[in-house]
Amino acid sequence: MTKADHVTTVRETERKYEATDAVKRLDPAGWLKLDTGSAAERHKLTAVYFDTADLRLMRAGITLRHRAGGTDPGWHLKLPAGGESRDELRVPTSPSQLQPPAELIGLTRVYTRGAALAPVAQLTTRRRRWILADPEGHALAELVDDRVKAHTMGRQTRAVSWRELEVELAEHGQAKLLDRIERKLLKRGVRRSWAGSKLGRLLADDLPDRREPPRSGASSTAGDVVLAYLRIQAEQLRKHDPMVRRDLPDAVHQMRVAARRMRSALQAFGRIIARDRTREITGELKWLAGELAAARDTEVMAQRFATMLTELPDDLVLGPVAASMTRTFERRQRDARVVALAALDSDRYLALHNAIDALLADPPLTRAASKPGRRELPASVARAYRRVKSRMRDVAAQPVGAQRDLALHETRKTAKRLRYATEAVIPTVGKPAERLRRRLKKVQKLLGEHQDAVVSRPVLRELAVQAHLEGGNGFTYGLMHAAEATRAAHAERALPTSWKRMRKPKNTTWLHR
């Protein structure tokens, strides 16, 4: 559980089941051999759910509600967290607060795109609740038996009712306990629910039938392979938006990577999706990645310096180095976060998502898109590969120093584009592309290590100068500066060997079909 200001976040891992009145009253203590304490707790819960008129939140697997009664009244926003888990963000409420809190609305912005949120349903639940515990009293799971009465809200309303069971892991529970409980429930005539949420069950008929987009595989067309990859990146962009806003670890990095992957794919596969129709989107994806850059780069550098400092003997750390670095990077991270959030709150950002949706809904496919991906796509990856080869030759021609550092940085960028293009075609090309991706990752790691060392040295010098101006000692920063120079040199020396291994025929022959 985490808490920021007055927003509390709880990770839920649960399963839902359908049960009829024919299912006997539950006695979990008897058939699970777990302590349930006293008799079941009883609660009456009333929840009003908010969404856009066309149910954009529900389509994304998100629910926003205000609930009265039970152990956690207030505003709840549930966001997918992978698998059977969701993050529930809770905000306490007052009787006069009739609209969702601004902080929760902001977390849904990438899905609502500014559309108004209004009540779409009301659910009243009569709940019986058991806490399942081990012999030491540690809570393992929560089992509830819900009788639900629900009705839609709006111009037309309908009312339904049903019985539903939920099993949710508690603090000390493990996933295998869910399987154990499920086996017991199935024997009693209960079955897994087809709906992911109570609201989803109520409003299922209000959603249009969603056709699953074509999946990419060995027999897929080139267009289907590229579009499948682009859809994944679009989903990742949206998924990480609320995570960036919540300042979760690695969220900025993952969102930036998704933007770069999508941009690289649109550039690399211009023979499949008409390049002249995607230039504006690639430009906007570059803008977004740039707005997130400072937040990510500062995060990486802070972690890098902290690790370097812990590796130094205590007698070589002169002065309050750790405290000084903490102050510096906390300030930089605050400033960078302001820039990143301003980008996410901008109309320009929403326009980018709208453009991506339009592109995926009606992609400007070329005639080559209908050809088998296994035959058509290697040529596009081969072009990206030739660009990296050209950059590597340029590196060798540059003198040691700033010019070579810049050339290595440019090589790193083209290597990333090649890696993403290779990654996109793995579903249709298979093992040969996967081998190249693995080898390329090692090359890219060396290029990244070199670049990180290059950009960190001016910062270390700046910290040393600041320490001197404040009457301190810059010795430790000098040691770290020298260590970074050594790392850069090591990465540069190791690069030719890694590049040679990557270029072996077993990794690259498929590019020349």
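For the structure itself, consult the block above.
1. A few points about the overall build of the protein
Right, on to step 1. The number of helices and strands found in the protein is 16 helices and 10 strands.
Right, on to step 2. Sequence separation of at least 24 residues holds for 73% of the intrachain contacts in the protein that already meet a minimum separation of 6.
Right, on to step 3. Accessible surface, the protein: about 26100 Å² in total, of which carbon and sulfur atoms supply 51%.
Right, on to step 4. One finds the centroid of the 96 positive side-chain charges in the protein at a distance of 8 Å from the centroid of its 62 negative side-chain charges.

2. So, the pattern of salt bridges
Right, on to step 1. Within this structure, the stated rule accounts for 52 salt bridges.
Right, on to step 2. Asp 21 serves as the salt-bridge partner of Arg 147, at 2.4 Å between the closest nitrogen and oxygen. Taken together, the residues Arg 147 in strand β8 (residues 139–152) and Asp 21 in the loop between β2 (7–18) and α1 (28–32) connect sequence positions 126 residues apart.
Right, on to step 3. You can call Asp 21 exposed: its relative accessible area is 62%.
Right, on to step 4. For Glu 311, the salt bridge identified is with Arg 487, shortest N-O distance 3.7 Å. Within this pair, whereas Glu 311 is found in helix α9 (residues 279–311), its partner Arg 487 is found in helix α15 (residues 475–502), the two being separated by 176 residues in sequence.
Right, on to step 5. Using a relative accessible area of 55% as the deciding quantity, one classes Glu 311 as exposed.
Right, on to step 6. Within the structure, one salt-bridge network assembled from shared partners comprises Glu 14, Lys 16, Arg 86, Arg 127, Asp 146, Glu 164, Glu 166 and Lys 198.

3. Examining the nonpolar core
Right, on to step 1. The biggest cluster of nonpolar side chains holds 86 residues, and the ones touching the most others in it are Leu 230, Phe 269, Ile 272, Leu 285, Leu 288 and Ile 356.
Right, on to step 2. Every residue in contact with Ile 356, bar those within four places of it in the chain, is listed here: Ala 234, Leu 237, Met 262, Ile 281 and Leu 285.
Right, on to step 3. Among the nonpolar cores identified, the runner-up in size contains 20 residues, and Leu 34, Trp 130, Ala 141 and Ile 181 belong to it.

4. Here we look at the pairing of strand β3 (residues 41–51)
Right, on to step 1. Sheet analysis places β3 next to strand β7 (residues 118–133), joined by 11 bridges and oriented antiparallel. Bridge pairing in β7 places Ala 47 opposite Leu 123.
Right, on to step 2. Sheet analysis places β3 next to strand β4 (residues 63–68), joined by 5 bridges and oriented antiparallel. Looking at the pairing, Tyr 49 lines up with Arg 65 of β4.

5. Focus on a positive patch on the surface
Right, on to step 1. Residues Lys 286, Arg 386, Arg 387, Arg 391 and Arg 417 make up a contiguous surface patch of positive charge.
Right, on to step 2. Mapped onto the elements of the fold, Arg 386 is located in helix α12 (residues 373–397).
Right, on to step 3. Judged by its relative accessible area of 46%, Arg 386 is partly exposed.

6. A closer look at the packing of helix α10 (residues 321–344) against helix α14 (residues 431–469)
Right, on to step 1. Interhelical geometry of α10 versus α14 gives an angle of 120° and a closest axis separation of 11 Å. What the angle tells us is that α10 and α14 run oblique. The two elements α10 and α14 cross, and the hand of that crossing is right-handed. Residue-level contacts link Met 325, Thr 328, Phe 329 and Arg 332 of α10 to Val 459, Glu 462 and Leu 463 of α14.

7. Side note on the packing of aromatic side chains
Right, on to step 1. Under the defined criterion, the tally for this structure stands at 3 aromatic pairs.
Right, on to step 2. With a centroid separation of 5.7 Å and 70° between ring planes, the pair formed by Phe 305 and Phe 329 is classed as edge-to-face. Within this pair, whereas Phe 305 is found in helix α9, its partner Phe 329 is found in helix α10, the two being separated by 24 residues in sequence.

8. A word on the side chain of Glu 182
Right, on to step 1. In this structure, Glu 182 sits in helix α5 (residues 175–187).
Right, on to step 2. Of the residues examined, Glu 182 reaches a relative accessible area of 15% and is grouped as buried.
Right, on to step 3. Of note is the side chain of Glu 182, whose polar atom sits 2.7 Å from the side chain of Arg 192.
Right, on to step 4. Once you skip the residues sitting within four places of it in the chain, Glu 182 turns out to touch Arg 15, Tyr 17 and Arg 192.

9. Brief notes about unusual backbone geometry
Right, on to step 1. We note that Leu 55 has phi near 60°; this positive angle belongs to a residue other than glycine.
Right, on to step 2. By the element assignment, Leu 55 lies in the loop between β3 and α2 (56–59).
Right, on to step 3. Positive phi values are uncommon outside glycine, yet Asp 247 reaches one of about 60°.
Right, on to step 4. Within the fold, Asp 247 resides in the loop between α7 (222–245) and α8 (251–268).

10. Remarks on the packing of α9 against helix α11 (residues 347–361)
Right, on to step 1. Close contact between α9 and α11 brings their axes to 10 Å; oriented N to C, the two are set at 140°. Regarding the angle of α9 to α11, the classification is oblique. Regarding α9 and α11, the two cross each other, and that crossing is left-handed. Along its contact with α9, which presents Ile 281, Glu 284, Leu 285, Trp 287 and Leu 288, the element α11 presents Arg 348, Tyr 349, Leu 352, Ala 355, Ile 356 and Leu 359.
Right, on to step 2. Residues that form the contact of α9 with α11 fall into these classes: 9 nonpolar, no polar and 2 charged.

11. Some details on α11
Right, on to step 1. Taking 1.5 Å per residue as the helical rise, α11 with its 15 residues ought to reach 21 Å, and the 21 Å between its terminal C-alpha atoms agrees with that figure.
Right, on to step 2. Where α11 is concerned, the buried positions are Tyr 349, Leu 350, Leu 352, His 353, Ile 356, Leu 359 and Leu 360.
Right, on to step 3. The inward-facing, buried residues of α11 abut α4 (109–112), α7, α8, α9 and α10.

12. Section: α12
Right, on to step 1. Given a rise of 1.5 Å per residue, 25 residues ought to cover 36 Å, and the 37 Å separating the end C-alpha atoms of α12 matches this to within 8%.
Right, on to step 2. Taken residue by residue, α12 has Gly 373, Glu 376, Leu 377, Pro 378, Ser 380, Val 381, Ala 382, Ala 384, Tyr 385, Val 388, Met 392 and Val 395 as its buried positions.
Right, on to step 3. Its buried side turned inward, α12 meets α7, α8, α13 (402–429), α15 and α16 (505–508).

About the cut-offs
- Residues numbered from 1 in each chain as written.
- Predicted model: local features only at pLDDT ≥ 70, side-chain atom pairs only at ≥ 80, totals over all residues.
- Heavy atoms only, no water.
- Helix = DSSP H or I, 4+ residues; strand = E, 2+ residues; numbered from the N terminus.
- Contact = heavy atoms within 4.5 Å.
- Areas by Shrake-Rupley, 256 points an atom, 1.4 Å probe, with all protein chains shown as cover.
- Lys, Arg positive; Asp, Glu negative; His and termini not counted.
- Charge placed at Lys NZ, Arg CZ, Asp CG, Glu CD.
- Salt bridge = Lys/Arg side-chain N within 4 Å of Asp/Glu carboxyl O.
- Buried < 20%, exposed > 50% of the residue type's maximum accessible area, 1.4 Å probe, protein only.
- Core = buried A, V, L, I, M, F, W, Y, C linked by side-chain atoms within 4.5 Å.
- Pairing = 2+ DSSP bridges.
- Patch = residues over 30% accessible without salt bridge, like charges linked within 9 Å, V, L, I, M, F, W, Y side chains within 5 Å.
- Axes fitted to C-alpha atoms, helices over the stretch in contact; angles between N-to-C directions.
- Parallel < 35°, antiparallel > 145°, perpendicular 65-115°, else oblique.
- Left-handed = near helix turned anticlockwise from the far one by under 90°.
- Phe/Tyr/Trp six-rings, centres within 6.5 Å; stacked < 30°, edge-to-face > 60°.
- Polar contact = N/O pair within 3.5 Å; in protein donor to acceptor, adjacent residues only side chain to side chain.
- Nonpolar A, V, L, I, M, F, W, Y, C, P; charged D, E, K, R; others polar.
- Expected span 1.5 Å × (residues − 1).

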